[in-house]
Amino acid sequence: MTAALKACSQGDGPSLTLIHGWGLNAGVWEDLARALADDFQVHRVDLPGHGAATDETRLGDLDTLADRLAATLPISGSTLVGWSLGALVALQAAARHPQRVHRVILVAGTPRFVQAPDWPHAMRLPVLDAFAQGLAAQYRVTLNRFLSLQFHGLPDAQAALKTLRGRLLDSPPTPEALTEGLGLLRDMDLRPTLAALPCPVHAVFGEYDTLVPAAAETSFKALRPAMGTAVIKGAGHAPFLSRPVEFEAVLRSFLHD
């Protein structure tokens, strides 16, 4: 029997599952989950080697992650919201377990994170490698810098950063999970998966995201013309942190589509 991922649940209503990105944990969703709990049963999962799941050293391969996520979902099914690396897990889970997934919403996520001749709106491989080396060598410094960029120029930025750092920096991921997560970001190409999914798929971009550029919206539409997309103005790679009100409004519009 496939072991389910560790999850924290709150609220009542249709099932909504939030999947965090590389190097972070389910705490990144805390404010959003609280805002949605009146209307949805919100599940925040920790990927292996992250957050409450650091007793597991390894992250695991994408198929295993997808199967473990599906084992976490209610039999009646759930909407998956995958941010960054979590987008790959969401796409793969929807492909492997379509009966458990009603809808997929990609947040600053992409089926392919690294540039290719036919996929220009993505990271250059040296950029990904440099970020990975910094995160591995100085996790707290690199993550602090990343979080600070998400709040740059916003009112009450210091107070928001202090709260978020308290949730995230006290539970660093395991080195093995970081390394395996980097491998997924570097190597996975789920463009055929995205194109073929039987459930609705939506995508949310940040206007100033340099990791998953908003210009990729055109490439997504080429793969899947009917998918809904939105660009959050003034947001970076974590639009639910830097523009929470705007992000929640877009998310709710997709959830009720």
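Residues numbered from 1 in each chain as written. Predicted model: local features only at pLDDT ≥ 70, side-chain atom pairs only at ≥ 80, totals over all residues. Heavy atoms only, no water.

Caption draft 1: Highlighting the environment of Arg 34. By secondary structure assignment, the location of Arg 34 is in helix H1 (residues 30-36). Exposure remark for Arg 34: the relative accessible area of 49% places this residue in the partly exposed category. Linking Arg 34 and Gly 134, residues 100 residues apart in sequence, is a C-alpha distance of 32 Å. (Helix = DSSP H or I, 4+ residues; strand = E, 2+ residues; numbered from the N terminus. Buried < 20%, exposed > 50% of the residue type's maximum accessible area, 1.4 Å probe, protein only.)

Caption draft 2: Structural view of the nonpolar core. Counting residues in each nonpolar core, the largest one holds 86 residues, and the members touching the most others are Leu 69, Trp 83, Val 104, Phe 220 and Phe 240. It is helix H3 (residues 85-96) that contributes the most residues to this core, 8 residues altogether. Residue contacts for Trp 83: discarding those within four places in its chain leaves Ile 19, His 20, Gly 21, Leu 24, Val 28, Trp 29, Val 107, Ala 108, Phe 146, His 237, Ala 238 and Phe 240. (Core = buried A, V, L, I, M, F, W, Y, C linked by side-chain atoms within 4.5 Å. Contact = heavy atoms within 4.5 Å.)

Caption draft 3: Spotlight on the sheet that holds strand E4 (residues 78-83). Within the open sheet, the 7 strands sit side by side as E1-E3-E2-E4-E5-E6-E7. Their pairing is mixed. Taken across any chain shown, the strands that pair with only one partner, and hence form the sheet edges, are strand E1 (6-10) and strand E7 (228-232). Along the sheet, successive strands turn relative to each other by an average axial angle of 20 degrees, direction set aside. Where strand E6 (residues 201-206) meets E7, 5 bridges bridge the pair, whose relative direction is parallel. Within E7, the residue paired with Val 204 across the bridge is Ala 230. Helix-sheet contacts for helix H11 (residues 244-255) involve strand E2 (15-19), E4, strand E5 (101-107), E6 and E7, and the interaxial angle to E7 is about 175 degrees. (Pairing = 2+ DSSP bridges. Axes fitted to C-alpha atoms, helices over the stretch in contact; angles between N-to-C directions.)

Functional significance is not addressed by these values, which are geometric in nature.
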